[in-house]
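# Coordinate analysis (summary)
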Amino acid sequence: MKLFDYHKATGLSDAQTKTAAGATLIAGGTNLLDLMKLEIQTPEVLVDINPLGEDEIAEQDGGLRVGALVRNAALAAHPLVRQRYPVLSRALLSGASGQIRNKATTAGNLLQRTRCAYFYDTASACNKRAPGSGCDALEGRNRMNAILGVSEHCIAAHPSDMAVAMVALDAEVAVEGPEGARRIALEDLYRLPQDRPDQETTLHPGEVITAVILPPPPKGRQTYLKVRDRASYAFALASVAGIVSVDNGRITAAALAFGGIGAKPWRNRAAEAALLGQAVGPQAAEAAADVLLADAVCHGDNAFKSALTRRLIHRALRELTGETA
Ligand code: SF4
């Protein structure tokens with residue numbers, strides 16, 4: 001690991017000033033420290049933002065304000081999250097391990113790097129780690145990589161489970177920076193890789209995430225389903241956060257967000273619209289899957305994800321609509 005200077009933030013403006021000047025913020029460090037040990041990220045200055053306090057979950061405008069430093073384990077276990085946003089609790093508990101969830105923070109989870117195995121291998125070409133060097137995943141071992149939102153420069157899948165559930169819930173991110181406070185729809189926090197996969201978010205220089213805002217809980221049933229190679233501590237091959245309402249046997253509202261298949265937590269409003277008014281049953285799932293997967297771009301090893309995602313949509317809708325298999 002390369003030497004670095006360590007500072008404890010004395011306040012939000014201190015963290016903003018230092019990050020605007022090029023410092024890297026650290027809270028739980030569950031992703032960043034791995035990358036520093038491998039010298040993939042080599043910050044000269046680390047600013048510890050744990051003293052900022054933002055570790056409360058509070059009711060706000062019928063929803064919840066989740067402080068940026070709330071630990072993933074605490075968020076999953078909070079009674080209001082379990083009662084009103086079970087999709088979020090389930091997603092959190094499907095991610096990482098108990099030890100990591102105890103350490104990882106809400107904002108840190110959102111800002112973990114979108115990456116694939118080649119990103120960690122400094123002998124490989126990776127446009128995200130070394131812009132312009134190429135992408136060994138395109139023709140290499142890409143079974144875990146994304147099929148939606150990818151580019152010829154990067155096909156890494158966004159790894160967060162929590163973010164997928166939050167996107168389905170229409171969460172917003174509260175940020176504060178040199179130009180003041182603003183809110184960003186979580187879906188819009190992430191950039192697609194295009195020709196600059198090293199640039200992952202739409203945060204401006206000096207902006208710090210202070211909270212995630214969950215709107216009032218939606219009507220309907222909620223679920224989070226995740227398919228992975230191991231029963232725990234594995235990234236999603238494909239996952240879905242679903243929230244669906246049914247009236248008189250027909251689907252009246254639907255939100256579906258996907259993990260493991262997208263360059264960012266993936267939501268397709270046209271696929272959701274394809275469900276509206278449909279009678280409960282497999283035809284509805286087929287209609288949504290057809291729209292969602294029409295844009296899929298596969299690269300050999302990860303082609304199975306299209307069929308897997310289609311089956312996942314069927315399974316989620318059976319659970320969410322009460323349809324028997
Ligand atoms: Fe790097 Fe992205 Fe290619 Fe993986 S898919 S090697 S992260 S550029």
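The coordinates are above.
Below, the structure is looked at part by part. (Residues numbered from 1 in each chain as written. Predicted model: local features only at pLDDT ≥ 70, side-chain atom pairs only at ≥ 80, totals over all residues. Heavy atoms only, no water.)

### Concerning the site of the ligand
Worth spelling out the cut-off: Nearness is defined per residue: one heavy atom within 4 Å of the molecule or strand is enough. A cavity, in this analysis, means grid points on a 1 Å lattice covering only the protein atoms where a 1.4 Å probe fits yet has no way out; a pocket is instead an open set bounded by protein on both sides within 12 Å along at least five of seven lines, and a residue lines either one if it has an atom within 4 Å of a point. To qualify as sitting in a cavity or pocket, a molecule needs more than half of its atoms within 2 Å of the grid points. The nonpolar class holds Ala, Val, Leu, Ile, Met, Phe, Trp, Tyr, Cys and Pro. Asp, Glu, Lys and Arg form the charged class, and all remaining residues, Gly among them, are polar.
Lining the immediate surroundings of the ligand are 14 residues, of which C116, C126, C135, C154 and I155 lie closest. Cavity membership is defined here by more than half of the atoms lying within 2 Å of grid points; on that basis the ligand lies in the largest cavity. Within the shell around the ligand, the residues separate by chemical class into ten nonpolar, three polar and one charged.

### Observations concerning the side chain of S245
Rule in force here: Helix and strand assignments come from DSSP, with helices taken as H or I runs of at least 4 residues and strands as E runs of at least 2, each series counted from the N terminus. Whether two residues touch is decided by their heavy atoms; if any such pair falls within 4.5 Å, the residues are in contact.
In this fold, S245 is placed in strand β10 (residues 238–247). Not counting the four nearest positions on each side in its chain, S245 is found in contact with K219, G220, R250, I251, T252 and A253.

### Examining helix α12 (residues 282–293)
Operational definition: In this analysis, the expected span of each helix is defined as 1.5 Å times one less than the number of residues it contains.
The first and last C-alpha atoms of α12 sit 16 Å apart over twelve residues, in line with the 16 Å expected at 1.5 Å per residue. Buried positions along α12 lie against β11 (250–259), β12 (266–267), α11 (269–273) and α13 (304–321).

### Some thoughts on the pairing of strand β8 (residues 208–214)
Counted only if it meets this: Exposure is judged per residue with a 1.4 Å probe applied to protein chains only, and the accessible area is read against the type maximum: over 50% gives exposed, under 20% gives buried, and values in between give partly exposed. In this analysis, strands are considered paired if DSSP registers two or more bridges between them.
Counting buried residues in β8 gives seven out of seven residues, a clear majority hidden from the surface. The sheet contact formed by strand β5 (residues 63–67) and β8 spans four bridges and is antiparallel. Across the sheet, V66 pairs through a bridge with V212, a residue of β8. Here strand β6 (residues 172–177) pairs with β8 via five bridges, running antiparallel. Residue A174 lies in a different strand from β8, and its bridge partner there is A211.

### Considering the sheet that holds strand β1 (residues 5–8)
This is how the line gets drawn: A fitted line through C-alpha atoms represents every axis, and for helices the fit uses only the stretch in contact; the resulting angles, taken between N-to-C directions, go from 0 to 180 degrees.
Spatial ordering of the open sheet is given by β1-β3-β2, a layout of three strands whose pairing is parallel. Two strands in the sheet have a free side with no partner beyond their single neighbour: β1 and β2 (24–26). On average, each strand axis in the sheet is tilted by 30 degrees relative to the strand beside it, whichever way the strands run.

### Notes on unusual backbone geometry
A positive phi is found at D170, a non-glycine position, where the angle reads about 60 degrees. Among the structural elements, D170 can be located in the loop between α9 (162–168) and β6. The backbone phi angle of Q194 is positive, close to 40 degrees, even though this residue is not glycine. Mapped onto the elements of the fold, Q194 is located in the loop between α10 (186–189) and β8.

### Some words on the nonpolar core
Heads up, the condition is: Take the buried Ala, Val, Leu, Ile, Met, Phe, Trp, Tyr and Cys residues and link them wherever side-chain atoms come within 4.5 Å; each set so joined is a nonpolar core.
Grouped together as the largest cluster of nonpolar side chains are 39 residues, with contacts concentrated most on L75, L88, L110, M166, L186, L189 and L214. Top contributing element to this core by residue count: α9, with seven residues. Residue contacts for L189: discarding those within four places in its chain leaves L110, L111, V173, I184, E200, T201, T202, L203 and I209. If you look at the next biggest cluster of nonpolar residues, it comprises 27 residues, including L237, I251, L293 and L317.

### Observations concerning the pairing of strand β7 (residues 180–185)
Here β6 pairs with β7 via six bridges, running antiparallel. Looking at β7, one finds that A174 is bridged to R183.

### Focus on empty space enclosed by the protein
A water-sized probe, rolled over the atoms, reveals where empty space remains. Going by this rule: Grid points are joined across faces, edges and corners, and a volume is the space filled by probe spheres set on the points.
Evaluation of the coordinates by the stated rule reveals three cavities of 30 Å³ or more. Considering only enclosed or pocket space, the largest cavity measures out at about 90 Å³ in volume. In terms of lining residues, the largest cavity is bounded by 16 residues, among which C116, C126, C135, A137 and C154 are the most central. There is about 80 Å³ of room inside the second largest cavity. Every residue along the wall of the second largest cavity is listed here: T114, K128, C154, A156, R191, L192, P193, P197, Q199, E200 and A263. Among the residues making up the lining of the second largest cavity, the classes are represented as six nonpolar, two polar and three charged.

### Focus: the environment of V175
For V175, the location among the structural elements is in strand β6. Here the alpha-carbon distance between V175 and E207, two residues 32 residues apart in the chain, equals 6.2 Å. Aside from chain neighbours lying at most four places away, what touches V175 is G180, A181, R182, I184, L203, E207, V208, I209 and T210.

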